[in-house]
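# Notes for the structure review
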Amino acid sequence: MEVTSPHAQVGKEYWVALPAADNLTSRPLTLLRGEFTRVPHGLKLIEYRAFSHEDTEGHPMGPTPVGGSPGIPDLTRLHDYSDRPSRVAPHEPGDIFWAARLRVTGKVTGALTGCRYFYRQGSTDYQQDLSCVTKIRLGPPLKIRN
């Protein structure tokens, strides 16, 4: 998955979601946490949180401004599920997704890459690395139409 956002502003904060955590196996799993493996210069990682697809009416595909925008909820105000593992049934999509809160500190010199999930199946803990790329670039702010 690759997402590009050319409208970031220095000093602003954004939520960036990791890809959906779907269970493609025949056994249930428990999603423990998710993270990006590389945060480029120009972005500062503030925190990770876990959100419900039900609360957000779907999975955000690009950076979401902290504070929200028309039609996009302010993730900061939503319930954070990161303090409890979430079960994902076999062959089902997960309801919970992880997102990073990032502050743009200057020119972004690379892409936010690599997604890692930590999960448990039975009594064994696993880590799975996924390919994901989010390109955040400085540019004019998006103009919001009413």
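All chains use their own residue numbering, which begins from 1 and follows the written sequence. Reporting in this predicted model follows two pLDDT cut-offs: at least 70 for local features of residues, and 80 or more for side-chain atom pairs to be given and counted; totals over whole chains, interfaces and linings ignore these cut-offs and use all residues. The side-chain quantities take in all heavy atoms of the structure and omit both hydrogens and water.

### Quick notes on the packing of aromatic side chains
Each pair of aromatic rings taken from Phe, Tyr and Trp, with Trp reduced to its six-membered ring, is defined by centres within 6.5 Å and is described as stacked if the planes are under 30 degrees apart, edge-to-face if over 60, and tilted in the remaining cases. Taken as a whole and judged by the stated rule, the model has three aromatic pairs. Ring geometry for Phe-51 versus Phe-97: centroids 5.8 Å apart, planes at 45°, classification tilted. With a gap of 46 residues between them, Phe-51 in strand β5 (residues 43–52) and Phe-97 in strand β9 (residues 96–104) connect regions that are remote in the sequence. For every residue, the accessible area (1.4 Å probe, protein chains only) is compared with the maximum for its type, and the residue is labelled buried under 20%, exposed over 50%, or partly exposed between those bounds. Look at Phe-51 and you get buried, because its relative accessible area is 0%. Residue Phe-97 is classed as buried on the basis of its relative accessible area of 0%. Between Tyr-119 and Tyr-126, the aromatic rings sit 5.3 Å apart at their centres with planes inclined by 20°, giving stacked as the arrangement. Classification of Tyr-126 as partly exposed rests on a relative accessible area of 33%. An aromatic cluster is defined as three or more aromatic residues linked by ring pairs; in this entry it consists of Trp-15, Phe-51 and Phe-97. Numbering of helices and strands starts at the N terminus; helices are DSSP runs of H or I of at least 4 residues and strands are runs of E of at least 2.

### A word on the side chain of Thr-64
Residue placement: Thr-64 occurs in strand β6 (residues 64–65). Contacts of Thr-64, omitting those with residues within four sequence positions, involve Glu-13, Tyr-14, Trp-15, Ile-72 and Pro-73. Residues are treated as being in contact if the distance between any of their heavy atoms lies within 4.5 Å.

### Some words on the pairing of strand β11 (residues 124–138)
Pairing analysis gives nine bridges linking strand β10 (residues 112–121) to β11, with the strands arranged antiparallel. Residue pairing for β11: Tyr-117 is matched across the bridge by Gln-128. Strand pairing follows a simple DSSP-based rule, namely that at least 2 bridges must link the two strands. A loop of two residues connects β10 with β11, the two strands running antiparallel in sequence, and Gly-122 in this loop sits at a positive phi of about 65°.

### Comments concerning unusual backbone geometry
Although it is not a glycine, His-91 adopts a positive phi angle of roughly 55°. Assignment of secondary structure puts His-91 in the loop between β7 (86–88) and β8 (92–93). Overall, His-91 belongs to the exposed group, its relative accessible area being 55%.

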